[in-house]
Amino acid sequence: MSAAFQSSSRKSWRLATGFALAALACAILLGGVSAWLLGSVAIAGLSAAAFAFNFHIPAAFIRLFAVGRTAARYGERLTGHKAALTDQVARRVELFAAMAAAPAVRRAGWQLGDDARLADYLDDVEDLDYARLRAGLPALTLACGLAILIAGSAVLAPLSLLPITLLLLAILFAVNRMAKAGAMAWEQTRSLRRGGASRLGAAMASAVPLKAEGAWSRECAEALAALSRADGTLLALRRLQAGLDMIGAAFGPVAGTSVMAAAWHAGKQGAELLPPMLLAFSWLALGEAMNGASRMLVALLRRNAARAEIGQWMKAAPAGRPGSAPDGPLPRLLRHGALQRRAPDGRAIGTPVSLLLAPGQPTVLVGASGSGKTSLLKQIAGWIGDDALAAGDRILSASERRALVALVLHDAVILEDTVRANLFAGDVPDAALWRALEAVEMDGRIREAGGLDAWITQDKFSLGEVQRINLARAWLSSRPLVLLDEPTEHLDDAQGERILGRLLARFSDRIVVVSTHRATPLHETRTIELQP
Amino acid sequence: MKIAAVPAPLPDPVASPPAAFDALSSAERLARPGLRGLVALQAVRTALRLGFAATAAMAAGRLVMDEAVDPWLIGAMIALLAVACFAGFAAERMQASAENAVSTRLRSLAGERLGEIPARQLQSLSTGALVVSMQRHPESIAALLIGHRAATVMMAAGPLLAAMVLSFVSWQAALLVVCLTPVMILFFALVGDAIRRRADAQERAFGQLAGQFADRIRTLPTILANHATATEQAKLGQRLEGYAGKTIGLLRIAFANAGIIDFFASLSIAILAVFLGLGHLKLATIPGFSHLELWQSLFILMIAPEYFAPFRRFSEQYHAKAEGLAAAGALDRLLDAEPVTTKILPVLDRLRLTLPTHGLVAIVGPSGSGKSTLLRRFAGLEPGAMPAPGTHSLAAEKIAWVSTDAYVPEGTLAGAISWNAGALDRNRLEDVARAIGLLDDALLPGGLDARLDKGGANLSGGQRLRIAVARAQLCGRTVLADEPTAKLDRGTAEAVRDVLLEISRARLVVVATHDRDLAAAADIMVDLTHGDTVEVAA
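Every value quoted in this text rests on a predicted model; they were computed, and no experiment measured them.

Rules of the game
- Residues numbered from 1 in each chain as written.
- Chains lettered and ligands numbered in written order.
- Predicted model: local features only at pLDDT ≥ 70, side-chain atom pairs only at ≥ 80, totals over all residues.
- Heavy atoms only, no water.
- Patch = residues over 30% accessible without salt bridge, like charges linked within 9 Å, V, L, I, M, F, W, Y side chains within 5 Å.
- Areas by Shrake-Rupley, 256 points an atom, 1.4 Å probe, with all protein chains shown as cover.
- Salt bridge = Lys/Arg side-chain N within 4 Å of Asp/Glu carboxyl O.
- Lys, Arg positive; Asp, Glu negative; His and termini not counted.
- Charge placed at Lys NZ, Arg CZ, Asp CG, Glu CD.
- Buried < 20%, exposed > 50% of the residue type's maximum accessible area, 1.4 Å probe, protein only.
- Contact = heavy atoms within 4.5 Å.
- Buried area = accessible area lost by both parts, 1.4 Å probe.
- Polar contact = N/O pair within 3.5 Å; in protein donor to acceptor, adjacent residues only side chain to side chain.
- 1 Å grid on protein atoms, 1.4 Å probe; cavity = no way out; pocket = protein on both sides within 12 Å on 5 of 7 lines; lining within 4 Å.
- Points joined across faces, edges and corners; volume = space filled by probe spheres on them.
- Helix = DSSP H or I, 4+ residues; strand = E, 2+ residues; numbered from the N terminus.
- Nonpolar A, V, L, I, M, F, W, Y, C, P; charged D, E, K, R; others polar.
- Expected span 1.5 Å × (residues − 1).
- Pairing = 2+ DSSP bridges.
- Axes fitted to C-alpha atoms, helices over the stretch in contact; angles between N-to-C directions.
- Parallel < 35°, antiparallel > 145°, perpendicular 65-115°, else oblique.
- Left-handed = near helix turned anticlockwise from the far one by under 90°.

### Observations regarding a positive patch on the surface
Right, so step 1: On the surface, A:Lys11, A:Lys82, B:Arg198 and B:Arg252 cluster together to form a positively charged patch.
Right, so step 2: B:Arg198 sits in the partly exposed class, given a relative accessible area of 36%.

### Considering the interface of chain A and chain B
Right, so step 1: Across the boundary between the two partners, chain A contributes 133 residues, which contact 123 residues of chain B.
Right, so step 2: Roughly 11400 Å² is buried in total at the junction of chain A and chain B, and carbon and sulfur atoms are behind 69% of that figure.
Right, so step 3: Three residues, A:Leu38, A:Phe96 and A:Glu213, lead the burial of chain A against chain B; their summed loss comes to 7% of the area buried on that side.
Right, so step 4: The interface formed by chain A and chain B includes 30 residue pairs in polar contact (both at pLDDT 80 or more).

### Some points on empty space enclosed by the protein
All names here are of chain A.
Right, so step 1: One pass over the full model with this rule turns up seven cavities of 30 Å³ or more.
Right, so step 2: Approximately 80 Å³ is the volume found for the second largest cavity.
Right, so step 3: Taken together, Leu-112, Arg-117, Asp-120, Tyr-121, Asp-124, Arg-190, Arg-194, Glu-309, Ile-310 and Trp-313 make up the full set of residues lining the second largest cavity.
Right, so step 4: Secondary-structure elements contributing two or more residues to the lining of the second largest cavity are helix 3 (115–156), helix 4 (161–205) and helix 8 (293–314).
Right, so step 5: The element best represented in the lining of the second largest cavity is helix 3, accounting for four residues.
Right, so step 6: Counted by class, the lining of the second largest cavity contains four nonpolar, no polar and six charged residues.

### Some details on helix 10 (residues 318–335) of chain B
All names here are of chain B.
Right, so step 1: For helix 10, built from 18 residues, the straight-helix expectation of 26 Å at 1.5 Å per residue is met to within 8% by its first-to-last C-alpha distance of 26 Å.
Right, so step 2: Within helix 10, burial applies to Ala-320, Gly-324, Ala-327, Ala-328, Ala-330, Leu-331, Asp-332, Leu-334 and Leu-335.
Right, so step 3: The inward-facing, buried residues of helix 10 contact helix 1 (23–64), helix 2 (71–116) and helix 4 (127–169).

### Quick notes on the sheet that holds strand 11 (residues 526–529) of chain A
Strands pair in a sheet through their backbones, by hydrogen bonds, and they do so in one of two ways: parallel or antiparallel.
Residues and elements named next belong to chain A.
Right, so step 1: Pairing is parallel in the open sheet, where five strands are placed in the order 6-9-10-3-11. Across the chains shown, the open sheet's two edge strands, defined by having one partner strand only, are strand 6 (405–408) and strand 11. Going across the sheet, the axis of each strand differs from the next one's by a mean of 15°, ignoring polarity.
Right, so step 2: Together, strand 3 (363–366), strand 6, strand 9 (481–485) and strand 10 (511–516) form the strand contacts of helix 9 (residues 373–381), whose direction differs from that of strand 9 by roughly 165°.

### Overview of the packing of helix 3 of chain A against helix 8 of chain A
Residue and element names in this part refer to chain A.
Right, so step 1: Axis separation between helix 3 and helix 8 bottoms out at 7 Å; the angle between their running directions is 140°. On the basis of their axis angle, the class for helix 3 and helix 8 is oblique. In this structure, the crossing between helix 3 and helix 8 has a hand that is left-handed. On helix 8, the residues that touch Arg-117, Tyr-121, Asp-124, Val-125, Asp-127, Leu-128, Ala-131, Arg-134, Ala-135, Pro-138, Ala-139 and Leu-142 of helix 3 are Met-296, Ala-299, Leu-300, Arg-302, Arg-303, Ala-306, Arg-307, Glu-309, Ile-310 and Trp-313.
Right, so step 2: A per-class count over the contact of helix 3 with helix 8 returns 14 nonpolar, no polar and eight charged.

On their own, these measurements won't tell you what the molecule is for.
Structure (structure tokens):
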């Protein structure tokens, strides 16, 4: 994150605030001064003073305020968005790093791989990004405008402060009420949406059984009804907004009227009423700015909810730095006398397993789906649990092992990036990359797609092709401990055997653990059978 | 018994596809009543605001010129303000209700459409995209059809009202303001063109960069597994900076749109103030701007900005239009998906089988020979002739379907087993769960009260299958099972086989399976191994 970028954000915000205040000032003065000018010329025009009236200076000021309002508003919008975008970049990069350290990433089932959850998450991040632009800046300018005009009213027409304060109190009361009710409504909307989404997803995943049993329309309708209920709570929020907007819309006109009424009541007449008229029309112009009050409040509510949500991910992040490769020679043998297998939520399952992992002799974990092969692999890799394995005369803790492991997950994905970036091989020469692709029989397909620098996305490839690219990543990795989770899933048997054979030949000097749900005809392996 | 290979006429592939789901036009029909009401309320609000501006100008002008102000004028002013605010309140509430009604109704229409899609095609849809679409797109479409359309109509009606009211005092002022409009629209057209050109040129770069953050969050476990966190973070920072820079460049032009409206609104005030001032000072006699009372000048000055306000409100809605159209397009694409081309298996059409009232029927054959398709035909899920005519018990609601993707509702294990199986007492549930090995599954602690997550996230395929088998045992219906022993270890597979055999003593059980043991225990075996003949062994 370049420092230049960060400092430019602060500068942009200062500039945006300046523009915003200037825009408000020009708007207020445009309304007030033009009304004052008309009043003055009307009074002057009745007498001979008409010819002596200095018309051009106020007229020039009016033109200045008119142009200034336009320019300042444009500047405010532009610099405000620039500042928000700059902040957005910085925040997202930080968020990426924080999420990468979150424990949820290493556990089973990455929730943000699901489209609906990811979309919700992105909405939250955007609510955070734009909160300052949508709520902070307008609120600040509004507050400044209010302060100046209240001061002016106190000087010119003190009695008008009574209705003004009353109305402000009414607004504050409405804001308070709306904040509480709105936060609850927003919370309900989110949880109903999430519930409906997961219900619909479950129904889609079981489409055939549900249709066969005649239960599809019922389940689908209930899932969609949950989503529509979410829309209903959102409707309640918008109704609250309408109430606040009504009071906000009345504010400017009421303030202006009360200023004129107070001045008249205080006995001012004729030309003495000109300054109060200026003030009254200024209040009218400020009242225009109050129109967006409810939107500011909603932006604030959403930001608070987003902050709470995203904070959930960072909770229980392990203290300490991520595992760095330990010094010293690489382990030649990993042992654990009785490794207690753990379910994803931490419970102990099954009997402890005795591990003896040596290079040159792959260990195969065999078990039906659901028997915990992936969990055991992640335990060996140090991703879950905090088991320590003995390596020679040293003990390797979980975080130390993480840096030594090439963990090849079976549900791995393709990044939206070039083929080269997807292989995660850094500065390795192209020839080595092509050799890896040939080993997994993807070289033809990649050449078709446009070579190593072609931009690829997940939906361009079938499950088997994605799996093979994943195995190519394993081929190119240089870590001493290689864990392959169901490497031949989605591949047909013959191809799977060939590719696995080549990989195991390449890894003959490393420690390899392979998990599979059907017994493979590999020789020279040590097998561990896992019972569910 | 062998059925001879007789070349049969090709089966009718698919019935004519249903009419396209046109989200936009269906929603338009739904939106019409609400839209009318909303536009009426907004027009009333505009009229009342203009009325307030008029009376306030009159009152202020008369006060400053030391003329008498009738109390009814003040009363009218306050009344107009109150009713105008209330009209605005009612309009906003009506907009919210109307949009909600349209989005709810559209969503249920989409749901009905989903119901018409055959099961096989449903499986091929992208679930994630569909769920996101159902969550969000109806309300975007509703916002387009109600909010945006209303703003469009008011962009015609509002300025017209303002010009009319203005012409009561000075038609020349109205003319001046109206003449500024075509100039403004010309500028809009120029700016709009510039935006379009720029956007086309940068769209590819945008597309690549816009989704980078989302993509990296989605693929975080893979990045972590490949030790690429630091490099990806640096790359993300670079790309997001580039994207932000390009976006700011585009915004310069996009905001010019709103800037034009601001400019013309301010320009009109400035010009009017000058003309009116000159008129009052009698320095220039411009027809329509001279010999006016103060209240008339104030009137003109207050109404003129109201002429431009609808344009500003319209430009604020611009993004709603783009979002709504994109949402409608996405929804149409998802729901109008091409029918999945199924392999034509004439052998299945020639199969005529009489299913017994109880017993085990096994359909065997290698992958791709059509076992699952035949099973789905039995259930009536696939187009094509019913291979077992006259068998009443295979209508929907009379079937229990067993497979690894069985539906498991959120809740307890007891609830999952008794779902769609009628009311059952706990002892029966326990017996059945124990027989199939669900009670002592180490990964489902708590026996019958084990918590099952939403969507069954913490269940494996094997566990789902066993829940479906337990359900099938309890519900008393015909059982159709698709690969009931796949993905299971030996012990569990045997338990499932035993349960299926037990069920088959009293009811009909049809299985499609690779499992030779299960097939051997069957009363009738339908062998699809040879693609052109069907062997039915009794």
